[in-house]
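# Reading the structure
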Amino acid sequence: MAEQNCLVRNDWICGEYLRTRSQELTDATLQHVGITVAAVAIGVAVSLPLALLARRWRFLSGPILGVTTVLYSIPSLAMFSLLLPFFGLSVSLVVTGLVLYSLTVLVRNILAGLQAVPDEARDAAKGMGYGPLRLLWEVELPLALPALLAGVRITTVSTVALTTVGAIVDYGGLGTLILDGLDTTFKAQVLTASVLCVLLAVTADLLLLGLQRWLTPWTRPRRRRIRTSRTARKAAVAKVAEPV
């Protein structure tokens, strides 16, 4: 009875809200995840060629980084308004805006990772007969993977947050619930959707961190294990006890 009354009292924490609106919360969460995954995946697909162009022709580096920085500086409401004539009120509008925001971090991180590849590794691969494409996919990208994945982690967390802005066109995932809850002063809905959004960001970051550690084992700190045999220990003791 107390749980049912929490909806009437409009409490911040309400178990009855979770029970009666579980499907609504699930649908909003899935939409949030879908928009985030699509935006990050497309962002990586667009950023990689841009980073390669900036690395190959250095005179393009400044314009590419400059344009992506300018895009990131545009307020989200203005960005969606500028894209509205092209995409209308659709999920494509939100995904496109998020992709444009992701370019700043992704292009810079991928470019930094490629530039950090040692020249010795490139020269050795070329000496073994590697062509440009094979050199890129088998040497440069694997060595640039830590920087690339670090950029993906940052982009994913920021995209989870920015997806909520899509609520203005009714494609904001959990953000739609937050906005509706604010409009109706529905406290339980605002708090629950906000907590789920935070949990999504933390979960995504931890999963990507685990993926990064798995794909880049050479970046893990190595623990030095010192194994001393009994003979060595005895020799050490005898050395200390040896008279001067």
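Residues numbered from 1 in each chain as written. Predicted model: local features only at pLDDT ≥ 70, side-chain atom pairs only at ≥ 80, totals over all residues. Heavy atoms only, no water.

What the protein contains, in helices and strands, is 11 helices and zero strands. Sequence-ordered secondary structure for the protein, helices as α and strands as β, is α-α-α-α-α-α-α-α-α-α-α. Out of the 244 residues belonging to the protein, those deemed buried represent 36%. Sequence separation of at least 24 residues holds for 71% of the intrachain contacts in the protein that already meet a minimum separation of 6. Per element, the accessible surface of the protein, about 14800 Å² overall, is 66% carbon and sulfur. (Helix = DSSP H or I, 4+ residues; strand = E, 2+ residues; numbered from the N terminus. Buried < 20%, exposed > 50% of the residue type's maximum accessible area, 1.4 Å probe, protein only. Contact = heavy atoms within 4.5 Å. Areas by Shrake-Rupley, 256 points an atom, 1.4 Å probe, with all protein chains shown as cover.)

It is worth spelling out the nonpolar core at this point. If you look at the biggest cluster of nonpolar residues, it comprises 32 residues, and the most contacted ones within it are M79, V94, I110, L114 and V152. Among the elements of the structure, α3 (22-56), α4 (61-73), α5 (76-87), α6 (91-115) and α8 (132-163) are those that each provide at least two residues to this core. Broken down by element, this core gets its largest block of residues, 12 residues, from α6. In contact with M79, other than residues within four places in its own chain, are L71, I74, G97, L100 and Y101. One finds A28, I178, F186 and A201 within the second-largest nonpolar core, a separate group that totals 15 residues. (Core = buried A, V, L, I, M, F, W, Y, C linked by side-chain atoms within 4.5 Å.)

The next thing to look at is the environment of V107. If you trace the backbone, V107 turns up in helix α6. When the C-alpha atoms of V107 and L50 are compared, they prove to be 6.7 Å apart, with 57 residues separating the residues in sequence. Aside from chain neighbours lying at most four places away, what touches V107 is S47, L50, A51, I64, L65 and T68.

Take the pattern of salt bridges next. Under the definition given, this model contains seven salt bridges. Note that R21 and E24 form a salt bridge whose closest N and O atoms lie 3.4 Å from each other. R153 serves as the salt-bridge partner of D205, at 3.0 Å between the closest nitrogen and oxygen. Separated by 52 residues along the polypeptide, D205 in helix α10 (residues 187-215) and R153 in helix α8 bring together distant segments of the chain. Residue classification places D205 among the partly exposed residues on the basis of a relative accessible area of 22%. (Salt bridge = Lys/Arg side-chain N within 4 Å of Asp/Glu carboxyl O.)

A few words now on the packing of α3 against helix α9 (residues 174-184). Pairs of packed helices are described in terms of their axes, by the angle between the two and the distance that separates them. At a minimum axis separation of 7 Å, α3 and α9 run at an interaxial angle of 125°. Here α3 is positioned oblique relative to α9, judged by the angle of their axes. When α3 is examined against α9, the residues E24, L25, A28, T29 and H32 are found in contact with a partner set consisting of L174, G175 and L177. The residue inventory of the contact of α3 with α9, partitioned by class, reads four nonpolar, three polar and one charged. (Axes fitted to C-alpha atoms, helices over the stretch in contact; angles between N-to-C directions. Parallel < 35°, antiparallel > 145°, perpendicular 65-115°, else oblique. Nonpolar A, V, L, I, M, F, W, Y, C, P; charged D, E, K, R; others polar.)

For the coordinates displayed, the defined rule picks out one aromatic pair. Taking the ring centre of Y130 as reference, the NZ or CZ of R134 above it sits at 3.9 Å. (Phe/Tyr/Trp six-rings, centres within 6.5 Å; stacked < 30°, edge-to-face > 60°. Lys NZ or Arg CZ within 6 Å of the ring centre and 35° of its normal.)

Moving on, we get to the confidence of the model for the protein. On average, the protein scores 83 in pLDDT, and the residues at 70 or more come to 88%. Segment residues 224-229: pLDDT under 50, and one contact once partners within four positions in sequence are set aside and those in other chains are kept. pLDDT under 50 marks residues 235-241. Its contacts with residues more than four places away, or in other chains, come to zero contacts. (pLDDT = per-residue confidence, 0-100.)

Over its 29 residues, α10 extends 42 Å from the first C-alpha to the last, a length consistent with the 42 Å expected when each residue adds 1.5 Å. The set of residues buried in α10 consists of A188, Q189, V190, T192, A193, C197, L200, A201, A204, L208 and Q212. (Expected span 1.5 Å × (residues − 1).)

This brings us to a nonpolar patch on the surface. A surface patch of nonpolar side chains, about 320 Å² in accessible area, is lined by L53, W57 and F59. Position of W57 relative to the elements: it lies in the loop between α3 and α4. Look at W57 and you get partly exposed, because its relative accessible area is 38%. (Patch = residues over 30% accessible without salt bridge, like charges linked within 9 Å, V, L, I, M, F, W, Y side chains within 5 Å.)

In this section: the packing of α3 against α6. Between α3 and α6, the least distance of the axes is 6 Å, while the angle of their chain directions is 40°. Taken together, the axes of α3 and α6 lie oblique to each other. The crossing of α3 and α6 is right-handed. Taken together, the residues of the contact of α3 with α6 sort by class into 22 nonpolar, four polar and one charged. (Left-handed = near helix turned anticlockwise from the far one by under 90°.)

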